[in-house]
Amino acid sequence: MGRSSAPLLLILQAVVVLAALLSTPRTVASPVHSPSEFSSSSPWLSNARRQLLGDGGGASNALRPPRGIRAELVHRDHETRLAERLSHGERAERDVKFSRLRAEELNARGELRLRSGSERRALAEELQARVDTAPGEYVMSISVGTPAQNFVAVIDTGSDLTWLQCFPCQDCFEQVNSPYLPLNSSSYSLLPCTDAHCQTFRREYNDEWVTSCNPASNDDLRRVGCRYSYFYADFSNTTGDFVADTLNLQKLDGNVTRVPNFAFGCSRKSFSPTSLFEGSDGLVGLAQGGISFPAQIGSVYGDVFSYCLVNSDSSRSKTSTMYFGAEAAVFNVTGLQYTPLISNKDNPTFYYVGLEGIAVDGVPIDISKDWFAISRSRGGVFLDSGTTLTIVEPRALAVLVRVVTQKMNYSRVDPSPFEGLDYCWNVRGEFQSDIKGPSISFNFTDANYDLAFENAYIRVADRGYQLLCLAMAPSSEDGAATIIGNIQQRNFHIVYDRVQNRIGFAKKDCSSAHTRSFQTLIFILLQTVVVAFIHGTR
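Cut-off values and rules
Residues numbered from 1 in each chain as written. Predicted model: local features only at pLDDT ≥ 70, side-chain atom pairs only at ≥ 80, totals over all residues. Heavy atoms only, no water. Helix = DSSP H or I, 4+ residues; strand = E, 2+ residues; numbered from the N terminus. Buried < 20%, exposed > 50% of the residue type's maximum accessible area, 1.4 Å probe, protein only. Contact = heavy atoms within 4.5 Å. Areas by Shrake-Rupley, 256 points an atom, 1.4 Å probe, with all protein chains shown as cover. Salt bridge = Lys/Arg side-chain N within 4 Å of Asp/Glu carboxyl O. Core = buried A, V, L, I, M, F, W, Y, C linked by side-chain atoms within 4.5 Å. Phe/Tyr/Trp six-rings, centres within 6.5 Å; stacked < 30°, edge-to-face > 60°. Pairing = 2+ DSSP bridges. Axes fitted to C-alpha atoms, helices over the stretch in contact; angles between N-to-C directions. Disulfide = S-S within 2.5 Å.

### A word on the overall build of the chain
Then, number 1: Looking only at helices and strands, the chain has ten helices and 29 strands in total.
Then, number 2: Counting over 538 residues, the chain shows a buried share of 56%.
Then, number 3: Restricting the contact set of the chain to residue pairs at least 6 apart, pairs at least 24 apart contribute 73%.
Then, number 4: Accessible area for the chain stands at about 22500 Å²; split by element, carbon and sulfur atoms hold 51% of it.

Dropping the structure here:
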C-alpha cells in the first residue's frame, strides 16, 4: 500500500481505538488509558506524539492531558461493597440514620481539640450512647511503598490524617487487604519528632495527639519517633507511628507518578464502636490541615481537588471520579461558580461556606442568617462527602418545610411510615415522569446552588406506599451546623480550591465521565488525526 494511504489508515486506527475504548466496561479500579498504549505500532507516530507532547514540539500545551491525579470513588451501595440487599425504604431509612449520626459525630469533632483527655472521653461516651453504626460512605484506592502495596481507604473531608493499618498490629479491625508491611518497602522511613510533617501535626493539634514529641522532655527529639493518637468524636481512634513512604498515583494520561516522603499514620491500634472504618484498610484525610492528603500532594500538582459524584441509581454499578491538581480539578468543566471558604480558628478542619439564605421556586424564604453563624466549634455551614442527606439547622428547616408543603401539589403524609424521613408527600397514582416538587436553592455568598429535583427529593416506593420525601433532616439542636450532604452534591462537579480559599461547583452529568474520560478520547483522536495530516503532507 502506498505512502498516501497512511493518513487514512491512521484515521481508521483512531476510530477503531475509540470504538474499543467506548465499548470496554470500566472496572472499579481500572486506570485511564494512556495515548501511548496505542502508538507503539507506528515508529513515526510515536516520534510525532513525543513532539506534540513537549519533547521538542511547540504544540505540547495544546494536546497534552492536564497535569493531575485521578482516583475512583466507590459508594457503599456499589455492587462490590454492598453487604446486603436493601429495599428502597430500608435504604432510605439507613441513609437518614447514618446522616444524623454523621452530623452528630462531625458537630462533636470540633469540641475534641478544645477539651482535655477526660472531657474528650465523656463526650465520646455521650455520643456512643446515641449511635449504632455508620460505615464510610465512599472509599478510594491508595497505593504506597516500593514495590507498591495497594489498599482501599475511606475518604473523609472532615479529618486530616491519612492512615493505614500496619503489620504488626496489636489491636486492629478486620480489613479488606493485607495490612501495610513497612519493612517490605525500600522507601519506608519512620519520621522523627524533628521532621517538618511531625511538627506540623503537633502544631495543628497538641501533645495529646502527637504523644512522643514533648519538647519539655529530656529526650533527643532527633532520635525519637513521631507517635500519634488520632481521635474521632464517636471515640473511633487510631494509634501508631507517623511514617513516610512513596505514594504511587495515577496521572490523567494513565502513567504512574511517585510522590516521595508522603507522611501518613502507620496504625498499630485502631478501634471504632460505630464501624466507621468498615470495608476498608484505613482512611484518607481530605480536610484543610497541613498533613492532609491534598495538602501534601498539592506541592506537586497544585493544592486543588475536585470530585463528581454519580446519582443514586448509578452508584450501584458505577464509580465516581476524584481529581487532584490545579489543572485536572477544573478541566473539561464549564459554568463554575465559586463561593469563598470561611475560616474558623476553633475548628479549622472543615470546609465552611457562607449561606445567605434559601429560596423555594426562586423566592427567598423568611429565615435568619444568624441561624447559620459559626460560634467557636459549633454552627456554620460546610460540605461533607460522607453525609448522605443534608442536615439543616432546625429553625430554618421548619420554615423550608412549611413553604414547600404550601407549594406542593400532593398531600402531606404525617407521620411518615419510614423512620427518619419526616417530610413526605403521597404521589400514589402519579406517573414517575410527572412527579414534581418546588425547586430549592441554597444562596451561598456570591453563588446560587440550584438543586435539581433528584438533589432535593427522594422517591420511595415500598411497603405499599409511593412517597416523595425531602432529602433533608434537622440537626440536633438550634444553632448546630448545617451540613450539605452528598445527595445534594451528586451530578455537580465540586471543586475545593485551597489556594484561593474557595469552593466551586457546576452542574454536570457525572456518570457520563465514568465510562471513559472524554478529554482522553478527544486527545487520542486529535493526536492521530493531526499526526496523520502532518505525515500526509510530507
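### Some points on the pattern of salt bridges
Then, number 1: Scanning the entire structure with this criterion turns up eleven salt bridges.
Then, number 2: Within the structure, one salt-bridge network assembled from shared partners comprises Arg227, Asp241 and Arg268.

### Details of helix α7 (residues 293-301)
Then, number 1: When you tally the buried positions in α7, you get seven out of nine residues, the bulk of the element.
Then, number 2: All buried positions along α7 are accounted for by Phe293, Pro294, Ala295, Gln296, Ile297, Gly298 and Tyr301.
Then, number 3: Within two residues after α7, Gly302 carries a phi angle of roughly 100 degrees, on the positive side.

### Observations concerning the nonpolar core
Then, number 1: Counting residues in each nonpolar core, the largest one holds 74 residues, and the members touching the most others are Phe293 and Ile440.
Then, number 2: Top element by residues in this core is helix α8 (residues 394-407). It accounts for seven residues.
Then, number 3: Contacts of Phe293, omitting those with residues within four sequence positions, involve Ile142, Asp160, Thr162, Leu247, Leu249, Phe262, Val284, Gly285, Leu286 and Phe324.
Then, number 4: Judged by nonpolar contacts, the second largest core, of 24 residues, contains Trp209, Tyr228, Tyr230 and Phe231.

### Some points on the packing of aromatic side chains
Then, number 1: Here the structure, examined in full by the defined rule, presents 29 aromatic pairs.
Then, number 2: Relative to Tyr180, the ring of Phe151 lies with its centre 6.3 Å away and its plane at 75 degrees, an arrangement referred to as edge-to-face. You can see Phe151 sitting in strand β3 (residues 149-156) and its partner Tyr180 sitting in the loop between β4 (163-165) and β5 (189-190), a full 29 residues away along the chain.
Then, number 3: Judged by centre distance (5.5 Å) and plane angle (80 degrees), the ring pair of Tyr352 and Phe382 falls under edge-to-face. Highlighted residues: Tyr352 in strand β13 (residues 352-353) and Phe382 in strand β18 (residues 381-383), separated in sequence by 30 residues.

### As for the environment of Thr349
Then, number 1: Looking at the element boundaries, Thr349 is found in the loop between β12 (337-342) and β13.
Then, number 2: C-alpha of Thr349 to C-alpha of Gly158: the two residues are 191 residues apart in sequence and 6.4 Å apart in space.

### Section: the sheet that holds strand β14 (residues 355-360)
Then, number 1: The strand order across the open sheet formed by four strands is β15-β14-β22-β23, and the pairing between neighbours is antiparallel. Unpaired on one side and paired on the other, β15 (363-364) and β23 (447-450) mark the two borders of the sheet.
Then, number 2: Strands β14 and β22 (440-444) of the sheet are contacted by α8, whose axis makes an angle of about 20 degrees with β14.

### Comments concerning the state of the cysteines
Then, number 1: Enumeration over the complete set of coordinates arrives at six disulfides.
Then, number 2: The disulfide bridge from Cys308 ends at Cys510, spanning 2.0 Å between sulfur atoms. In this structure the cystine formed by Cys308 and Cys510 twists about its S-S bond by roughly -80 degrees; its chirality is therefore left-handed. Linking Cys308 in strand β10 (residues 304-308) with Cys510 in the loop between β29 (502-507) and α10 (518-536), this pair joins segments that are 202 residues apart in sequence. The burial state of Cys308 is the same as that of Cys510; both residues are buried.
Then, number 3: What pairs with Cys424 in a disulfide is Cys469, and their sulfur atoms sit 2.1 Å apart. The disulfide joining Cys424 to Cys469 has a torsion of about 105 degrees about its S-S bond and is therefore right-handed.

### Regarding the pairing of strand β11 (residues 320-324)
Remark: a regular strand shows side chains that alternate across the two faces of the sheet.
Then, number 1: Of all the five residues making up β11, five are buried; the element is thus mostly covered by neighbouring parts of the structure.
Then, number 2: Of the two faces of β11, the one lined by Ser320, Met322 and Phe324 and the one lined by Thr321 and Tyr323 are each fully buried.

### What to know about unusual backbone geometry
Then, number 1: Look at the link from Thr146 to Pro147: it is a cis peptide, with omega at 0 degrees.
Then, number 2: Looking at where Pro147 falls in the secondary structure, it is placed in the loop between β2 (138-144) and β3.
Then, number 3: A cis geometry characterises the amide bond from Asp414 onward to Pro415, with omega recorded as 10 degrees.
Then, number 4: Topologically, Pro415 is positioned in the loop between β20 (412-413) and β21 (424-426).
Then, number 5: The backbone phi angle of Asn261 is positive, close to 60 degrees, even though this residue is not glycine.
Then, number 6: Structurally, Asn261 is set in strand β8 (residues 256-271).
Then, number 7: The phi dihedral of Arg463 falls on the positive side, at around 55 degrees, and the residue is not glycine.
Then, number 8: Note that Arg463 resides in the loop between β24 (457-462) and β25 (465-470).

### Some thoughts on the pairing of β25
Then, number 1: Sheet analysis places β21 next to β25, joined by three bridges and oriented antiparallel. Looking across to β25, one finds that Asn426 is bridged to Leu467.
Then, number 2: Where β24 lies against β25, six bridges are found, and the strand directions are antiparallel. Bridge pairing in β25 links Ala461 to Gln466.
Then, number 3: Between β24 and β25, which follow one another and run antiparallel, lie two residues, and Arg463 among them has a positive phi close to 55 degrees.

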